[in-house]
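# Structural description and commentary
Residue-level listing of the chains:
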Amino acid sequence: MTDGLHKLLARSAERPCALARSELAALLAVEDGTELQALFDAAYALKVKYCGKRVAIRGLVEAGNVCAKDCLYCGIRRSNGKVTRYRLSADEIVRLAELNAKQGYASLVIQSGEIESEEQTRFVEDVLRRIAPLDLGVTLSLGEQTEEVYRRWKDAGASRYLLRIETSNPDLYTTLHPANHSWERRVECLRALRRCGYQVGTGVMCGLPGQTYDDLAHDIEFYDKMDVDMIGMGPFIPHPDTPLATSCQSLATNHQALILGLKMIAVTRLYLHDVNIAAATALQALAPDGRERGVRAGANVVMPNITDVKYRRSYQLYAGKPCLDENAGLCKRCLERRLASIGETVDYGHRGDSLHYRRRMCASASIPGGGER
Ligand code: SF4
């Protein structure tokens, strides 16, 4: 390992946000095998310092694949006529939430395509009120909504919200979305979520066509600027039935995409220290042990899919989605085994709130007016 890398890693471990953007980009550009291992080890040491050798779990419910948006990379975009559309009923979601609690998972993620309507708002409110007695930490990932809707869902029982910015570079965002999709509105939604009191999560895709290490370093600075509590990032894996698939097929091998995803996890942990970082299921699409490697690179959250197997093929945002045929029980045992193989345990019975969020709440209780940095 070079002396320069050794010093960067040592400095980043001392305190959060210790590195300049050029230094973040330098860490993201590391390719030598020994240096990569040093990067992952340094990030993992911080993960263990802040979160222990435990992994927080959220059962993932894919509540529906109907979406009003048309993102150019997404398998369930509105214009993809090959998808069989579905929406789970309130009863089905409540049953899955009960299954989630029975598995010992104290947190739940409800995710779906983006629908903005009073009917959808009421539907989600109803579900949240019905699952409230289960006392789960509930994350919603239901896209862009008005602040009033976010507030209504918070009042009905949701505590966290994940809205990925996909890239912090507005020009790059424009190349991935139709003209009527607004990067600025997404940022404003993140601000609205903060005002409503959510634990707020965001994230980006790594390995986008035209994306540079400087862009990715800027993404990590964006997380800090928005003072987010949770990060959910994933490698860019083109879905074959999307406009971006043809132009992007040859950009990276699975191995390269995996390594870039792991580097983003590691450098984000080294920069932010105390946030929750998910080891995305998409990592597992690139290598069977992708999620475990995500944890060994600094992630502390895993989200096993508990949606009924019959719906999983219809919710494919990217190509090669894993665990299409494994029910929730199989996923649970598989996950326990996989995490045990790297010396980690599943943190059953705990919600796994973001430490960053808890610190933020303590700080804002004593210093009024906390916000973006
Ligand atoms: S990325 Fe999200 S908002 Fe865009 S089309 Fe897919 S589900 Fe809809």
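The text that follows walks through the structure, step by step, so that each part is easy to find. Along each chain, residues carry numbers from 1 onward, in the same order as the chain's sequence is written. The model is predicted, so local features are restricted to residues of pLDDT at least 70 and side-chain atom pairs to those at 80 or more, both for listing and for counting; the totals for chains, interfaces and linings are taken over all residues. Water and hydrogen atoms were dropped before computing side-chain values, which therefore reflect all heavy atoms in the structure.

## Structural notes on the overall build of the protein chain
Strands are runs of DSSP state E lasting at least two residues, helices are runs of H or I lasting at least four, and both sets are numbered from the N terminus onward. Of regular secondary structure, the protein chain possesses 16 helices and 12 strands. Throughout, radius of gyration means the C-alpha value; the globule benchmark is 2.2 Å times the number of residues raised to the power 0.38. A compact globule built from 373 residues should have a C-alpha radius of gyration of about 21 Å, and the protein chain, at 19 Å, falls within 12% of that. Seen through its principal axes, the protein chain has C-alpha atoms that stretch 60 × 50 × 40 Å. Per-residue burial over the protein chain gives 59% buried out of 373 residues. Note on contacts: a residue pair qualifies if any of its non-hydrogen atoms lie within 4.5 Å across the two residues. Taking all contacts inside the protein chain whose residues are at least 6 apart in sequence as the whole, residues at least 24 apart take part in 76%. For accessible areas, the Shrake-Rupley method is used with a probe of radius 1.4 Å. Any residue's cover is judged against the shown protein chains and nothing else. In the structure as shown, the protein chain presents an accessible area of about 15100 Å², 53% of it carried by carbon and sulfur atoms. Residues scored as positive are Lys and Arg, those scored as negative are Asp and Glu, and His as well as the terminal groups of each chain are ignored. By convention, charge coordinates are those of NZ in Lys, CZ in Arg, CG in Asp, or CD in Glu. Side chains of the protein chain give 49 positive and 46 negative charges; the mean places of these two sets differ by 4 Å. Throughout this description, buried means an accessible area under 20% of the type-specific maximum (1.4 Å probe, protein chains only), exposed means over 50%, and partly exposed covers the range between.

## A look at empty space enclosed by the protein
Cavities and pockets were defined on a 1 Å grid built from protein atoms only: a cavity is a group of points that admits a 1.4 Å probe but offers it no way out, a pocket is an open group of points flanked by protein on both sides within 12 Å along at least five of seven lines, and a lining residue is one with an atom within 4 Å of any such point. Grid points are joined across faces, edges and corners, and a volume is the space filled by probe spheres set on the points. On inspection of all chains with the given rule, the structure shows five cavities of 30 Å³ or more. Its volume calculated, the second largest cavity comes out at about 140 Å³. What lines the second largest cavity is simply Arg58, Val109, Thr139, Leu162, Met230, Ile231, Gly232, Asn276, Ile277, Ala278, Val301 and Met303. When contributions to the lining of the second largest cavity are tallied by element, the ones reaching two or more residues are strand 8 (230-231) and strand 10 (276-277). Charged residues are taken to be Asp, Glu, Lys and Arg, nonpolar residues to be Ala, Val, Leu, Ile, Met, Phe, Trp, Tyr, Cys and Pro, and polar residues to be all remaining types, Gly included. Grouping the constituent residues of the lining of the second largest cavity by class yields eight nonpolar, three polar and one charged.

## Observations concerning the packing of aromatic side chains
Here the aromatic set is Phe, Tyr and Trp, taking the six-membered ring for Trp, and pairing holds for ring centres within 6.5 Å; pairs whose planes are under 30 degrees apart are stacked, those over 60 apart are edge-to-face, and all others are tilted. All chains considered together, the criterion is met by four aromatic pairs. On the numbers, 6.4 Å between centres and 50° between planes, the contact of tryptophan 183 with phenylalanine 222 is tilted. Of the two residues, tryptophan 183 is situated in helix 8 (residues 183-196) and phenylalanine 222 in helix 9 (residues 213-225); the sequence distance between them amounts to 39 residues. Phenylalanine 222 gets classed as buried once you look at its relative accessible area, which sits at 6%. A connected cluster of aromatic rings, assembled from ring pairs, spans Tyr150, Tyr161 and Tyr198. Think of it as a cone above the ring: NZ of Lys or CZ of Arg counts as a charge over the ring if it is within 6 Å of the ring centre and within 35 degrees of the ring normal. Above the ring of tyrosine 44, the side-chain terminus of arginine 296 is found at 4.4 Å from the ring centroid.

## Comments concerning the pairing of strand 4 (residues 137-141)
Counted residue by residue, strand 4 has five buried out of five residues, so it is predominantly covered. Burial along strand 4 is two-sided: the residues Gly137, Thr139 and Ser141 and Val138 and Leu140 are all buried. Remark: the strand 3 (residues 107-112)/helix 5 (residues 118-131)/strand 4 crossover connection has right-handed handedness. By this definition, two strands are paired if DSSP reports at least two bridges between them. Bridge analysis of strand 4 against strand 5 (residues 160-162) gives two bridges, and the strand direction is parallel. Counted as the bridge partner of leucine 140 is tyrosine 161 from strand 5. Crossover handedness is defined here as right-handed if the route from the first strand over the helix to the second strand goes clockwise, with the strands pointing away from the viewer.

## Some words on the site of the ligand
Each residue is tested against the molecule or strand, and it is near if at least one of its non-hydrogen atoms lies within 4 Å. Contacts to the ligand come from Cys67, Lys69, Cys71, Tyr73, Cys74, Ile76 and Arg77. When the residues that make up the shell around the ligand are grouped by side-chain class, the tally is five nonpolar, no polar and two charged.

## A closer look at the sheet that holds strand 1 (residues 54-57)
The sheet built from three strands is open, its strands ordered 11-1-12 with parallel pairing. Strands with a single pairing partner mark the edges of an open sheet, and in this sheet they are strand 11 (301-302) and strand 12 (345-346). The pairing of strand 1 with strand 11 spans two bridges and is parallel. In the sheet register, isoleucine 57 faces strand 11, and the bridge partner there is valine 302.

## Regarding the environment of aspartate 274
Inspection of the secondary structure puts aspartate 274 in the loop between helix 11 (254-272) and strand 10. In this structure the C-alpha to C-alpha distance between aspartate 274 and alanine 10, which are 264 residues apart in sequence, comes to 17 Å. Residues within four places of aspartate 274 in sequence aside, it is in contact with Tyr50, Arg269, Ser354, Leu355, His356 and Arg359. In this structure the side chain of aspartate 274 is engaged in a polar contact, spanning 3.2 Å, whose partner is the side chain of arginine 359. Counting of polar contacts relies on pairs of N or O atoms within 3.5 Å, with two restrictions inside protein: one atom must be capable of donating a hydrogen and the other of accepting it, and residues adjacent in sequence are counted only when both atoms are side-chain atoms.

## As for the nonpolar core
In this structure, Leu140 and Tyr223 are the most contacted members of the largest nonpolar core, which totals 112 residues. Setting aside residues no more than four positions away along its own chain, leucine 140 makes contact with Ile110, Val124, Leu128, Trp153, Ala158, Arg160, Tyr161 and Leu162. For our purposes a nonpolar core is just a set of buried Ala, Val, Leu, Ile, Met, Phe, Trp, Tyr and Cys residues, chained together by side-chain atoms within 4.5 Å.

## A few points about the packing of helix 5 against helix 6 (residues 147-155)
Here, axes are lines fitted to C-alpha atoms. For helices the fit covers the stretch in contact, and angles between N-to-C directions go from 0 to 180 degrees. Put simply, helix 5 and helix 6 touch, their axes get as near as 9 Å, and they point 20° apart. The orientation of helix 5 relative to helix 6 falls into the category roughly parallel. Crossing geometry of helix 5 relative to helix 6 is assigned as right-handed. Taking contact as the criterion, the partners of Glu118, Gln120, Thr121, Arg122, Val124, Glu125, Leu128 and Arg129 in helix 5 are, on helix 6, Val149, Arg152, Trp153 and Asp155. When an angle is under 35 degrees it counts as roughly parallel; over 145 it counts as roughly antiparallel; between 65 and 115 it counts as roughly perpendicular; any other value is oblique. Crossing handedness is read from the near helix: turned anticlockwise from the far helix by less than a right angle, it gives a left-handed crossing, and turned clockwise, a right-handed one.

## Considerations on the pattern of salt bridges
We define a salt bridge as a contact between a side-chain nitrogen of Lys or Arg and a carboxyl oxygen of Asp or Glu at a distance within 4 Å. Following the criterion strictly, the structure yields 31 salt bridges and no others. Residues joined by salt bridges that share partners form a network here, namely Lys69, Glu114, Glu116, Glu144, Arg185 and Arg186.

## Re the side chain of asparagine 276
If you trace the backbone, asparagine 276 turns up in strand 10. A distance of 2.9 Å separates a polar atom in the side chain of asparagine 276 from a polar atom in the side chain of asparagine 300. A polar contact of 2.9 Å, which involves the side chain of asparagine 276, links it to the backbone oxygen of glycine 352.

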